[in-house]
Amino acid sequence: MNKDILSKYVTENANIPWGTRNAERVLSALLVADNFWDIVSFSCEPLPAVAEALKLLADRGLIEFTDQGVLLTQKGRMFIEKEGVFPLHFHTCPRCDGKTVVIDEFRESL
């Protein structure tokens, strides 16, 4: 499996046009969240699309649904690494609760 297969599956089953970048956002959210609603929120993807994506990932043994939430398996971590997806990183300012960004995060780029 790869991001293209995941994207095609979601497009067909959720009836929502979905591309590899959409899949990357869900995979990136999985690296930092274990709660379904956080994954939906962090990925900024439609709920039905995220549900279908997680269903396929669970069917392939890449994630597990437990009482603790959505757990990424070792196989899932290897898949995400192979696909070149990095953890979601928040650049919001902790002092103002996201009304601006932390410039220090971009010092190297500036």
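So, here is what we can say about the structure in this document. Only a predicted model underlies this, so the values are computations on that prediction, with no experimental measurement involved. (Residues numbered from 1 in each chain as written. Predicted model: local features only at pLDDT ≥ 70, side-chain atom pairs only at ≥ 80, totals over all residues. Heavy atoms only, no water.)

**Some words on the overall build of the protein chain**
Here is the rule: To qualify as a helix, a DSSP run of H or I must reach at least 4 residues; to qualify as a strand, a run of E must reach at least 2; elements of each kind are numbered from the N terminus. Here the term buried applies to any residue with accessible area under 20% of the maximum for its type, exposed to any over 50%, and partly exposed to those in between, with areas from a 1.4 Å probe on protein chains only. Throughout, a residue-residue contact means that at least one pair of heavy atoms, one from each residue, lies within 4.5 Å. Surface accessibility in these figures is a Shrake-Rupley result with a 1.4 Å probe; residues are shielded only by whichever protein chains are displayed. For this count, His and the chain ends are skipped, Lys and Arg are scored as positive, and Asp and Glu as negative. For the purpose of locating charges, the reference atoms are NZ of Lys, CZ of Arg, CG of Asp and CD of Glu.
Secondary structure assignment for the protein chain yields 5 helices and 2 strands. In the protein chain, the succession of α and β elements from N to C terminus is α-α-α-α-β-β-α. Considered along the principal axes of its C-alpha atoms, the protein chain spans approximately 40 × 30 × 25 Å. When burial is assessed residue by residue, the protein chain has 37% of its 110 residues classed as buried. By sequence separation, contacts in the protein chain at least 24 residues apart represent 47% of the contacts at least 6 residues apart. Carbon and sulfur atoms form 52% of the exposed surface of the protein chain, whose accessible area is close to 7,000 Å². Separation between the mean location of the 12 positive side-chain charges and that of the 16 negative ones in the protein chain comes to 3 Å.

**As for the environment of Glu-81**
Mapped onto the fold, Glu-81 is located in helix α5 (residues 74–82). For Glu-81, a relative accessible area of 67% corresponds to the exposed category. Here the alpha-carbon distance between Glu-81 and Gln-68, two residues 13 residues apart in the chain, equals 23 Å.

**Focus: the pairing of strand β2 (residues 69–72)**
Rule in force here: The criterion for strand pairing is that DSSP finds at least two bridges linking the strands in question.
Note that strand β1 (residues 63–66) and β2 share 4 bridges and pair antiparallel. Looking across to β2, one finds that Glu-64 is bridged to Leu-71. Counting the residues that bridge the hairpin from β1 to β2 gives 2 residues.

Everything listed here is a matter of geometry and, on its own, says nothing about what the molecule does.
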